[in-house]
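# Examining the three-dimensional arrangement
Below, each chain spelled out in residue letters.
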Amino acid sequence: MNGTSTASRINITNYRVILKPAAQTSSPVPDSWISREEAISYLESAGLTQHDFELRYIGPAFPLSNAMANAGVMGVFTPRAMEVIEDILAMVEAKDQAGDTHQRVIYCMRGAIRQPTSITLE
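A few points on the structure.

The rules we used
Within each chain, residues carry numbers counting from 1 in the order of the written sequence. At least 70 in pLDDT is required for a residue's local features to be given in this predicted model, at least 80 for side-chain atom pairs to be given and counted, and no such filter applies to totals for whole chains, interfaces and linings, which use all residues. In computing side-chain properties, one takes all heavy atoms of the structure into account and sets aside hydrogens as well as water. One speaks of a salt bridge when a side-chain nitrogen belonging to Lys or Arg is within 4 Å of a carboxyl oxygen belonging to Asp or Glu. Each residue's exposure class comes from its accessible area (1.4 Å probe, protein chains only) as a fraction of the maximum for that residue type: buried when under 20%, exposed when over 50%, partly exposed otherwise. Going along the chain from the N terminus, every DSSP run of H or I of four or more residues is numbered as a helix, and every run of E of two or more is numbered as a strand. Pairs of residues are marked as contacts when any of their non-hydrogen atoms sit within 4.5 Å. Aromatic pairs are defined between Phe, Tyr and Trp rings, using the six-membered ring for Trp, whenever the two ring centres lie within 6.5 Å; interplanar angles under 30 degrees are classed as stacked, those over 60 as edge-to-face, and all others as tilted. Only when the NZ of Lys or the CZ of Arg is both within 6 Å of the ring centre and within 35 degrees of the ring normal is a charge said to sit over the ring. A pair of strands is labelled paired if DSSP reports no fewer than 2 bridges between them. Directions pointing from the helix axis toward each C-beta atom define the arc. Each nonpolar core is a collection of buried residues, namely Ala, Val, Leu, Ile, Met, Phe, Trp, Tyr and Cys, held together in the definition by side-chain atoms within 4.5 Å.

A full pass over the atoms with the stated rule returns three salt bridges. Here Arg36 makes a salt bridge to Glu37, at a shortest N to O gap of 4.0 Å. Look at Arg36 and you get partly exposed, because its relative accessible area is 24%. A salt bridge links Glu83 to Arg80; its shortest N-O distance comes to 4.0 Å. Taken together, the residues span about one helical turn, with Glu83 and Arg80 both in helix 2 (residues 79-84) at a distance of three residues. A relative accessible area of 37% means that Arg80 is categorised as partly exposed.

Right, here's the structure in full:
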């Protein structure tokens, strides 16, 4: 979350995908940070399809502002995806108006609603 009144630029540089122990994949477990495209491919190797998840593209010049509805939503997952995914980590870099760069690792599934009562982001 951007705590200032001005926009910051954000870029997710890499991901780590952690599947639940019972999940089976046709690809080896990545042992390092991977790109968004590689994360999508790895999730597909676990039997998930484009209908089961969306990892949003958040890249260079993506504005981050408190005024944007659902600005912090980095992905959307179906109950099927929640059965397979333990966590997804995203390495995030943000550059503020002063030119300072901040880097954080976000645990995307912490606080996730694993059994949603609706299919909206509300």
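Right, let's get into the environment of Ile34. Inspection of the secondary structure assignment puts Ile34 in the loop between strand 1 (8-19) and helix 1 (36-45). Once the C-alpha coordinates of Ile34 and Val17 are considered, the two residues, 17 residues apart in sequence, prove to be 8.6 Å apart. If we skip the residues at most four places from it in the chain, Ile34 touches Asn14, Tyr15, Val17 and Ala39.

To continue, consider the packing of aromatic side chains. Taken as a whole and judged by the stated rule, the model has zero aromatic pairs. Across the ring face of Tyr107, the terminal group of Arg110 is positioned such that the distance to the ring centre comes to 4.0 Å.

Turning next to the pairing of strand 6 (residues 101-107). Where strand 5 (residues 85-95) lies against strand 6, seven bridges are found, and the strand directions are antiparallel. Across the sheet, Glu93 pairs through a bridge with Gln103, a residue of strand 6. Hairpin connection of strand 5 to strand 6: five residues between the antiparallel strands, including Gly99 at a positive phi of 95°.

The subject of this paragraph is helix 1. Residues of helix 1 that are buried include every one of Ala39, Tyr42, Leu43 and Ser45, and no others. Buried residues of helix 1 fall within an arc of 155° about the axis and therefore sit on the same side. Remark: Gly47 follows helix 1 within two positions and exhibits a positive phi of approximately 95°.

The next thing to look at is the nonpolar core. With 24 residues, the main nonpolar core has Tyr15, Leu19, Leu43, Phe77 and Ile85 as its most contacted residues. For this core, the elements supplying multiple residues, two or more each, are strand 1, helix 1, strand 2 (53-55), helix 2 and strand 5. If you tally residues by element for this core, the top one is strand 1, at five residues.

Coordinates in, geometry out; function isn't part of it.
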